Amino acid sequence: MLQKPRGTRDFLPDEMESRRTVEGRLRDVGRRWGYREVCTPEFEDLELFTMRSGEGIIEEMYVFEDKGGRRMALRPEITAAVIRMYINEAKVAPKPLRWCYFADCFRYERPQKGRYRQFWQFGVELIGADTAMADAEVIMLASEMLDATGVSYELNVGHLALMKNLLCELEPSAQRRVRAHLDKKDFGGLEETLAAMGKPDLADSLVSLVECRTLAEAFAIAGEVPGRVRIEQTLAALDAYGVKYSLNFGIARGLDYYTGMVFEGFASNLGAENQILGGGTYRLAHLFGGDDVASCGFAIGFDRVMVSLGDARTHQETIAGIVCTEEGRIRALEVARAFRSAGIRAEMDLMDRGLGAQLAHASRSSDFAVIIGRREVESGAVTLKNLKTGEQNTLDLPAAIAEVGAHGTR
Ligand code: HAM
């Protein structure tokens, strides 16, 4: 028997309905903040991602050569593609651009719960605004979106300038190695690496920076940084809006394009793969042939949010099972159409079952049975049976539709 590829999943209808419900909540928040949906190709020229997305991601990419000999990659993330699209299609549009997306990404990782080779991100990119308010808006939106999903989470906010200040004497590749240790909170490895680089004293400052939780302490450890006022203004806006977050200047982020504010969300009830959101300010446009445009964005790991929410069905829909005898079939078609026109899910028997077997099936799959036999055909009424309570009444069609419709809103 053929199986699905490793690290991918099939989604049955119950799960898809829950996913669509949560997706709808995210879309709704995005819409209310003015973020409009965009869509980019599933695959791009490999170069788009090798330019700046960081070594980690490059190792994890699905790369292939197409029939024209071009090196392509399935997108491991969407930000680079959105900025490429911005340069191709919308460079001259009035700024800022507020865009969002919901799309699948592909990373060749070792699969485990919450870590897949195909996974979905709900993300936003704010392009062309280079202010404290822009940074703050994106973080506020991140927290409102996570709130809307119903997950319980913690949000950490940091800024790369402080760590960069401490690491400024190291080569870029050495900085990357140090940041990777800090990202994983691997302090033992950090000390070893810095000792080997002849900078053992840096370890203490870096560990204090990672562990400090106030801005004043962070500046005392890392020294003055040029963007201090903007950092203070961003945090003041977050406080004014009531965003719940912790400061964490150890956030290093796995992708290489971030330039300033960085933030990450963690689900409280997940194990190793508990990061459900990541983002920050970045500059990519100039690499792809555009102007040097400041951007800020984040992506929510949609599948991890769904794992965190658990099996609780987020979707409940009232179902009318249309049950009919042979002479009731034509009338049943009209009745089914009337229910569907009223927005109610109505299902007819397709198995040539008798009335009793249809009712037995409806009692397993539906909330109501709408019964149409000879009597109903003659009178124009329907018999409505509530399959949960057993209560049964003969009603005219509009009254039956009203009763089933009211059930869903109770
Ligand atoms: P990222 O942190 O690499 O950032 O991915 C965002 C989120 O995608 C992660 O926090 C995680 O929840 C989820 N994720 C990543 N890999 C997997 C996986 N293998 N399986 C399931 N979920 C996964 C970005 O991709 C940036 N483009 C975010 C961004 C947007 N920055 C600025 N704008």
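Calculation criteria
Residues numbered from 1 in each chain as written. Predicted model: local features only at pLDDT ≥ 70, side-chain atom pairs only at ≥ 80, totals over all residues. Heavy atoms only, no water. Salt bridge = Lys/Arg side-chain N within 4 Å of Asp/Glu carboxyl O. Helix = DSSP H or I, 4+ residues; strand = E, 2+ residues; numbered from the N terminus. Buried < 20%, exposed > 50% of the residue type's maximum accessible area, 1.4 Å probe, protein only. Phe/Tyr/Trp six-rings, centres within 6.5 Å; stacked < 30°, edge-to-face > 60°. Lys NZ or Arg CZ within 6 Å of the ring centre and 35° of its normal. Domains from an automatic or database assignment. Lys, Arg positive; Asp, Glu negative; His and termini not counted. Contact = heavy atoms within 4.5 Å. Near = heavy atom within 4 Å. Polar contact = N/O pair within 3.5 Å; in protein donor to acceptor, adjacent residues only side chain to side chain. Areas by Shrake-Rupley, 256 points an atom, 1.4 Å probe, with all protein chains shown as cover. Nonpolar A, V, L, I, M, F, W, Y, C, P; charged D, E, K, R; others polar. Patch = residues over 30% accessible without salt bridge, like charges linked within 9 Å, V, L, I, M, F, W, Y side chains within 5 Å. Charge placed at Lys NZ, Arg CZ, Asp CG, Glu CD. Expected span 1.5 Å × (residues − 1). Pairing = 2+ DSSP bridges.

Observations concerning the pattern of salt bridges
Under the criterion given, the structure shown has 30 salt bridges. Across the salt bridge formed by D303 and R19, the nearest N and O atoms sit 3.1 Å from each other. Of the two residues, D303 sits in helix α12 (residues 302–309) while R19 sits in helix α1 (residues 13–32), which places them 284 residues apart along the sequence. Since its relative accessible area comes to 2%, D303 is described here as buried.

Points about the packing of aromatic side chains
Two numbers describe a pair of aromatic rings. These are the distance of the centres and the angle of the planes. With the rule as written, the count across this model stands at nine aromatic pairs. Consider the rings of F102 and F302, whose centres lie 4.8 Å apart with planes at 70 degrees: the pair is edge-to-face. Remark: F302 occurs in helix α12 and F102 occurs in strand β5 (residues 97–106); sequence separation between them is 200 residues. By relative accessible area, which is 15% here, F102 ends up buried. Taking relative accessible area as the criterion, F302 reaches 1% and is therefore assigned buried. Against the face of Y116 rests R9, its NZ or CZ located 3.5 Å from the ring centre.

Notes on the domain arrangement of the chain
For the chain, the assigned domains read domain 1 (11–143 + 277–310), domain 2 (153–267) and domain 3 (319–408). The straight-line distance from the C-alpha centre of domain 1 to that of domain 3 is 45 Å.

A few points about the side chain of R117
Within the secondary structure layout, R117 lies in the loop between β5 and β6 (118–127). Among buried charged residues, R117 stands out as having no salt bridge; its nearest opposite-charge side chain is E109, 8.1 Å away. Residues contacting R117, with those up to four places away along its chain left out, are R6, G7, Y62, C105, F106, R107, Y108, E109 and P111.

Some points on unusual backbone geometry
With omega at 0 degrees, the peptide bond leading from K95 into P96 counts as cis. With respect to the element layout, P96 can be found in the loop between α4 (79–89) and β5. Positioned with a positive phi, K185 is a non-glycine residue whose angle comes to about 55 degrees. Within the secondary structure, K185 is located in the loop between α7 (172–183) and α8 (187–196). Classification of K185 by relative accessible area gives partly exposed; the value is 47%. Non-glycine residue D352 carries a positive phi angle of around 55 degrees. Assessed through its relative accessible area of 66%, D352 is described here as exposed.

Details of the site of the ligand
Taken together, 26 residues lie near the ligand, and E77, T79, E109, Y258 and Q275 sit nearest. Between Y258 and the ligand, the recorded distance is 2.6 Å, taken from a side-chain N or O atom to a nitrogen atom. When the ligand is considered free in solution it has 650 Å² of accessible area, and contact with the protein chains removes 96% of it. By residue number, the principal contributor to the shell around the ligand is strand β10 (residues 275–282), which donates six residues. Its residues assigned to classes, the shell around the ligand comprises eleven nonpolar, eight polar and seven charged.

Some thoughts on a negative patch on the surface
On the surface, D186, E191, E192, D201 and D204 cluster together into a negatively charged patch. Tracing the backbone through its elements, the reader meets E191 in helix α8.

Here's the deal with helix α5 (residues 132–149)
Count 3.6 residues to each turn of an α-helix, and residues three or four apart come out pointing the same way. Relative to the 26 Å expected for 18 residues at 1.5 Å per residue, α5 spans 26 Å between its end C-alpha atoms, a close match to the ideal helical length. With its phi angle positive at about 95 degrees, G150 sits one or two positions after the end of α5.

Let's talk about the pairing of β6
Burial runs high along β6: ten of the ten residues are buried. Here β6 shows a buried face lined by Q118, W120, F122, V124 and L126 and a second buried face lined by F119, Q121, G123, E125 and I127. Where β5 and β6 come together, ten bridges link them in antiparallel fashion. Directly across from A103, in β6, lies its bridge partner Q121. Bridge analysis of β6 against strand β11 (residues 295–301) gives seven bridges, and the strand direction is antiparallel. The partner of E125 across the bridge, within β11, is G297.

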